[in-house]
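Here is what each chain is made of, one letter per residue.
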Amino acid sequence: MRICKGCGIEIQKEDPKKPGFVPEKVFDKAEVCQRCYRLVHYGDLKPSLLDKGSYQKAVSEALDQADTAFLVLDIIDFESSLHPDFDKLLRKKHTIGVLTKIDLLPPITSAKEALEWAKKRLPYPDSFVAVSGKKGWGIDELSRLRGKVTAVVGTTNSGKSTLVKKLVNEATPTISVAFGTTLNNLFFPDSKGVIIDTPGLWPQGRLLELLCLDCASSLVPDKKMVSKLFELKEGQGISLGGLVHLNLKSEKPILAIAFVPESIEVNRVNRDKTVSYLEHFAPNSPPCPLCQKGLAFEKKDMRIGNEDLVIPGLGWVSFRHTPAALEVIAPAGLSLPKRSPLIGPKKQS
Ligand SMILES: Nc1nc2c(ncn2[C@@H]2O[C@H](COP(=O)(O)OP(=O)(O)OP(=O)(O)O)[C@@H](O)[C@H]2O)c(=O)[nH]1
Ligand SMILES: [Mg+2]
Ligand SMILES: [Zn+2]
Ligand SMILES: [Zn+2]
């Protein structure tokens, strides 16, 4: 049995529709499966073909073998990083909370502030560290926190494989903008011990999973998140990339600060025009015509304080001069959690 060095799945030549496939003519020397090869060389995104149960099993097995867990938390999509299974899986494990993608935070927030905020949100890790897998920030500190066997766990796309590659020089995990890249556990030994890269658990209610893989991947930011400020009066609202619309229903004006990837347009819209605005998505950005057909939009009323309304997989909107009543129009299946503000005044109203 041979394992793909990129995603951890068994290499096979029998069924092109199943994971781990490589064509017969390269089978004897292939070190990675065709999916990994195409992801890395052509950016060809293919959805994962495994069921969620197999990911869960792999993560439990990795944790059984590990003395230390690095729980990877994406600072830009913290809510999606908080999979409820980790509360149980990590309860008795020496756990380091690894706040990653710090390079994507807008310049006004420091890593220190983000760490303090994260510690309040998640009590059980023994310690926290802020890093950027992409830039290599904080990797020396993280390295010092390794155990003999360390399992790197988290939800899909949180940046686990990127960190593993930085932690072990010889490591070869496939890294990609598509979620669900790593399919099974990968063991990378070095002089300090072993690092296990694991498949991500699937978050609930994230926008990425409601879109096709191309649209989802185009929402993964590679530059700093940008903030856009709007003063809203009654009946006015904002549209975030045509995907989520927020309208002010109460009388008192408020400030709304949207934090989104640079590629997402945020526009002011009037409440009476919102329904027709749904037809006017920005060209060349998600949702593609196929996703537009597949998305069902729902309206709901929300009350908001001086807090963040999170749009998992897209960004968040922070509010000032609240409380306020909002009407939110968003794809069905998208969760819209509220939280204490990550950036700016940290007081909850
Ligand atoms: N800007 C930035 N991007 C990052 C960072 N870490 C990872 N990414 C990007 O996030 C995406 C996912 O990274 P991966 O390392 O493949 O994530 P993963 O957690 O292994 O994902 P799965 O294997 O799908 O569970 C890729 O596009 C990475 O380039 C980071 O620190 N900063
Ligand atoms: Mg991975
Ligand atoms: Zn592979
Ligand atoms: Zn699409």
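Since this is a predicted model, take the numbers as computed values, not measurements.

Here the focus is the site of ligand 1. Taken together, 23 residues lie near ligand 1, and Asp103, Lys160, Thr162, Gly180 and Thr181 sit nearest. In the environment of ligand 1, an oxygen atom lies 3.0 Å from a nitrogen or oxygen atom belonging to the backbone of asparagine 157. Within the contact set of ligand 1, an oxygen atom lies 3.3 Å away from a backbone nitrogen or oxygen of serine 176. Surface burial for ligand 1 is 95%, taken as the share of its 650 Å² of free accessible area covered by protein chains.

Right, let's get into the domain arrangement of the protein chain. Domain parsing of the protein chain yields domain 1 (51–204) and domain 2 (226–339). For domain 1 and domain 2, the distance between their C-alpha centres works out to 30 Å. Tallying the contact residues gives 9 residues for domain 1 and 8 residues for domain 2. Between domain 1 and domain 2 we count 1 salt bridge in total. As a salt-bridge pair, glutamate 79 and arginine 339 come within 2.7 Å of each other at their nearest N and O atoms. For the pair domain 1 and domain 2, the interface holds 2 residue pairs in polar contact (both at pLDDT 80 or more). Mapped by element, the contributors of at least two residues to the side of domain 1 that touches domain 2 are helix H3 (78–81) and helix H5 (111–121). Ranked by the residues each element gives to the side of domain 1 that touches domain 2, the list is headed by H3, at 3 residues.

Calculation notes
- Residues numbered from 1 in each chain as written.
- Chains lettered and ligands numbered in written order.
- Predicted model: local features only at pLDDT ≥ 70, side-chain atom pairs only at ≥ 80, totals over all residues.
- Heavy atoms only, no water.
- Near = heavy atom within 4 Å.
- Polar contact = N/O pair within 3.5 Å; in protein donor to acceptor, adjacent residues only side chain to side chain.
- Areas by Shrake-Rupley, 256 points an atom, 1.4 Å probe, with all protein chains shown as cover.
- Domains from an automatic or database assignment.
- Contact = heavy atoms within 4.5 Å.
- Salt bridge = Lys/Arg side-chain N within 4 Å of Asp/Glu carboxyl O.
- Helix = DSSP H or I, 4+ residues; strand = E, 2+ residues; numbered from the N terminus.

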